[in-house]
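Structure assessment
Residues per chain are reported as follows:
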Amino acid sequence: MTALHLSKIGNKMTNKVGVRAIMHDIQEVLNSNLNQYVNLSAGNPAILPQVYEMWEEALRDIVNDKQLKNLISQYGSSYGTHELIDCIRDYFFTNYRIKLDREQVLITSGSQNLFFLALNSFCGTSKEGKVKKALIPMLPDYAGYSGVALEEGVIEGIPPILSKLDHHTFRYEFNKQAFKDKIAQDPDVGAVVLSRPNNPSGNILSEEAVQLISQVCKDYHIPLLIDSAYAPPFPAINFIEMDPIIHDNIVHCMSLSKAGLPGERIGIAIGKGDFIKVMEAFQSNILIHSSRLGQRMVVNTLKSGQLAEISANYIRTHYKQKHDYLKNLLTTRMPDDIPWYLHKAEGSLFGWLWLEGLPFSDSDLYNKLKAENLIVVPGGSFFHGSQSSSHNRECIRISLTAADEELKKGIDILSSVVKEIYSSNFIFQTEKR
C-alpha cells in the first residue's frame, strides 16, 4: 500500500501519543472482551434516572409541540440559536448579576470543540512566525488540550506544589510566583488555560488564585480560558463552594456533557465580544453550528428550572457519594504502610491517586493492572510532557462512573497489585509487544 503523504497537521492529529494512545489501547482491550475487565477509565457520565428523565421529557415536549421538523431540517446561526443564547443571558443575570450581550455567547459542539476553536485561535504560529503557546498555570490538567492543538509543542504547564494533608490525602497548591515569573519572562504565551474543577485531580483553584491569574493575564493582554465542564451552574459537580468568574479577558467555557447530554455535543463559551467573534468565525468555517435539537432541549430544561436543580441536587450528590465510597474502599483495602495518597475531594467525576515512590512508571503500572483485568488511566499525559519530578509518573486516574460493585472489585485488584509491587522481592518485567 502506498504511504499517505500527510501534512504536519495530519501527522500530528493521527499520531497516537499520550492519552490518545492509552484510550485507543483501552478501547481495543474492551472490545476484545468487555466482560473480562473492570473498567475504571471512562469519562462518560453515569446515566442517572433523574437526569435521563429530564432530557426525555425535553425531547418529548419538542415532538409534542411539533418543533422537531423545523429544528432538524434547517441550518441556523453559527453563534447558536437566539433562544438558547437569551436563556443563558437571563440565567447569568438572574443568578449572578452578570449582564451579557448576545455577541458575548457562543454555542459550540461540545467542550472539546470549544477548546479546539479557542486554542487554535489564540495559540500556534503567528503571522510574524512566532509560536504562541498555551500555558497551564498548575499541572496536571486535562490531557485533551494537547490533542486539540493543531501544532506540536503548543502546551506548557507549571508544576504544582504538593501538600500532604494527612496520612493518605494530598492536594495540589498553585505556585503563584512561578506563574507570575513565567508570564513576565516568556513573551510567547498566547493564552492561559485551566479546568475548574480540575480534570484529572478534582482540585478547585480558589477564587483568589483565579483572580490573580486573571489580573496577570490582563496586564499582559493574554486571554484566560477557564474550562468549566464540571462547574456550576450545570453540571455542578463541585463539592466545595465556587461560582463562575467572568472578566473581560476570560473566556468562560461550559459543557452540557456531564449534565447527561454528551451525545448532543453542546458547549457554551462566554467572553468578550472580540474573543467570541474570532471563535464564531472559526466554527462557521469548520462545522457551521452546534446541534439545533440539542440546543432546544437545553432551552426547555433551563426555562423549567430543572437543569440547575437536578445538577445541584442529583448529579453533584451522586458523585460526592461515589468519591466518599472510593475513599472508604481505599482506606479499608489499600495497605496502610504504603505511601498512597488520594487527592482531596473538591469536584469532578474522578479520583486521582498518587503512589509515592512507585518503582516504575505509571504506564508500566497501567499494563500491570491491565494484565489483572483492571483498566485505569495512567496520569503522565495530564502533565503535558513536563518531566519536572518523579511525581508525574506516579499517578493514576480512577473514574467514579462505575457501579459500586465494579469500584469495589477494581480497588481489590489495585490493592493486590500495589502490595506486590512495593514488596522487597518484586521484579517487574516490561510487557512484551
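These lines cover the structure that appears in this document, whether it is placed above or below.

Reading guide: rules and limits
- Residues numbered from 1 in each chain as written.
- Predicted model: local features only at pLDDT ≥ 70, side-chain atom pairs only at ≥ 80, totals over all residues.
- Heavy atoms only, no water.
- Axes fitted to C-alpha atoms, helices over the stretch in contact; angles between N-to-C directions.
- Helix = DSSP H or I, 4+ residues; strand = E, 2+ residues; numbered from the N terminus.
- Parallel < 35°, antiparallel > 145°, perpendicular 65-115°, else oblique.
- Contact = heavy atoms within 4.5 Å.
- Nonpolar A, V, L, I, M, F, W, Y, C, P; charged D, E, K, R; others polar.
- Core = buried A, V, L, I, M, F, W, Y, C linked by side-chain atoms within 4.5 Å.
- Buried < 20%, exposed > 50% of the residue type's maximum accessible area, 1.4 Å probe, protein only.

With their axes 11 Å apart at the nearest point, helix 8 (residues 176-185) and helix 9 (residues 207-219) run at an angle of 10° to one another. Judged by the inter-axis angle, helix 8 sits roughly parallel to helix 9. Facing helix 8, whose interface residues are K176, F179, K180 and I183, helix 9 presents L212, I213, V216 and C217. Considered class by class, the residues forming the contact of helix 8 with helix 9 number 6 nonpolar, no polar and 2 charged.

Moving on, we get to the nonpolar core. Ranked by internal contacts, the top residues of the largest apolar core, which has 69 residues, are L256, I398 and L414. With 8 residues, the single largest contributor to this core is helix 12 (residues 306-333). Those residues in contact with I398, other than ones at most four positions away along the chain, are L40, L326, L349, F350, G351, L353, V376, L407, I411 and L414. In this structure, Y37, F115, A118 and V154 belong to the second largest nonpolar core, which totals 61 residues.

Now for unusual backbone geometry. A cis amide bond links R196 to the next residue, P197, at an omega of -5°. Within the fold, P197 resides in the loop between strand 8 (189-195) and helix 9. Backbone torsion omega between F234 and P235 reads 15°, so that peptide bond is classified as cis. Its location among the elements puts P235 in the loop between strand 9 (224-227) and strand 10 (250-255). Even without a glycine there, the phi angle at S348 is positive, about 80°.

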